[in-house]
Amino acid sequence: MYLIAIAWLYVALLAAITENTAVGGVLTFIFYGLAPMALFFWLFGTPTRRRRQREREASGLNDRAESDADQ
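Reading the values: the criteria
Residues numbered from 1 in each chain as written. Predicted model: local features only at pLDDT ≥ 70, side-chain atom pairs only at ≥ 80, totals over all residues. Heavy atoms only, no water. Helix = DSSP H or I, 4+ residues; strand = E, 2+ residues; numbered from the N terminus. Expected span 1.5 Å × (residues − 1). Buried < 20%, exposed > 50% of the residue type's maximum accessible area, 1.4 Å probe, protein only. Arc of directions from axis to C-beta. Phe/Tyr/Trp six-rings, centres within 6.5 Å; stacked < 30°, edge-to-face > 60°. Contact = heavy atoms within 4.5 Å. Patch = residues over 30% accessible without salt bridge, like charges linked within 9 Å, V, L, I, M, F, W, Y side chains within 5 Å. Areas by Shrake-Rupley, 256 points an atom, 1.4 Å probe, with all protein chains shown as cover. Salt bridge = Lys/Arg side-chain N within 4 Å of Asp/Glu carboxyl O.

Let's talk about helix 1 (residues 2-17)
Then step 1. Here helix 1 contains 16 residues, and its C-alpha end-to-end distance of 22 Å stays within 8% of the 22 Å for a straight helix at 1.5 Å per residue.
Then step 2. Considered for burial, the residues of helix 1 that qualify are A5, A12 and A16. End-on, the buried residues of helix 1 take up no more than an arc of 40°, which puts them together on one face. Along helix 1, exposed side chains directed more than 90 degrees from the buried face belong to L3, I4, I6, Y10, V11 and I17.

Some remarks on the packing of aromatic side chains
Then step 1. In total, this model carries three aromatic pairs according to the counting rule given.
Then step 2. Ring geometry for F40 and F41: centres 5.5 Å apart, planes at 65°, overall edge-to-face.
Then step 3. A ring pair is formed by F40 and F44, whose centres lie 4.6 Å apart and whose planes are at 40°; its orientation type is tilted. On the criterion of helical spacing, the pair formed by F40 and F44 is a turn pair, its members being four residues apart in helix 2 (residues 22-70).
Then step 4. Overall, the relative accessible area of 22% leaves F40 in the partly exposed class.

Section: the side chain of T28
Then step 1. Along the chain, the position of T28 falls in helix 2.
Then step 2. Since its relative accessible area comes to 9%, T28 is described here as buried.
Then step 3. T28 has contacts with A15, A16, E19 and G33, leaving out every residue within four places of it along the chain.

Regarding a nonpolar patch on the surface
Then step 1. A cluster of nonpolar residues, M1, Y2, I6, L39, W42, L43 and F44, forms a patch on the protein surface that exposes about 840 Å² of accessible area.
Then step 2. Mapped by element, the contributors of at least two residues to the nonpolar patch are helix 1 and helix 2.
Then step 3. Looking at the nonpolar patch element by element, the count peaks at four residues for helix 2.
Then step 4. Summarising the element assignment, L43 is placed in helix 2.
Then step 5. In this structure L43 comes out as partly exposed when scored by relative accessible area, which is 46%.

Spelled out as structure tokens, the structure:
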């Protein structure tokens, strides 16, 4: 997955370099490179975030149950 992201950013950088103005180059890199990659990683990271949240909740519930049993 990271290889695809690196390749996409490389192509976006090359496209940005060919722009006539610096502002055009920066905007090209942001809108063709960084924004799509941020969206991609956010969408494909959702299952991992949900799994981690469930693990935190499960461990938090177990910790509270054990501390209540000790009292």
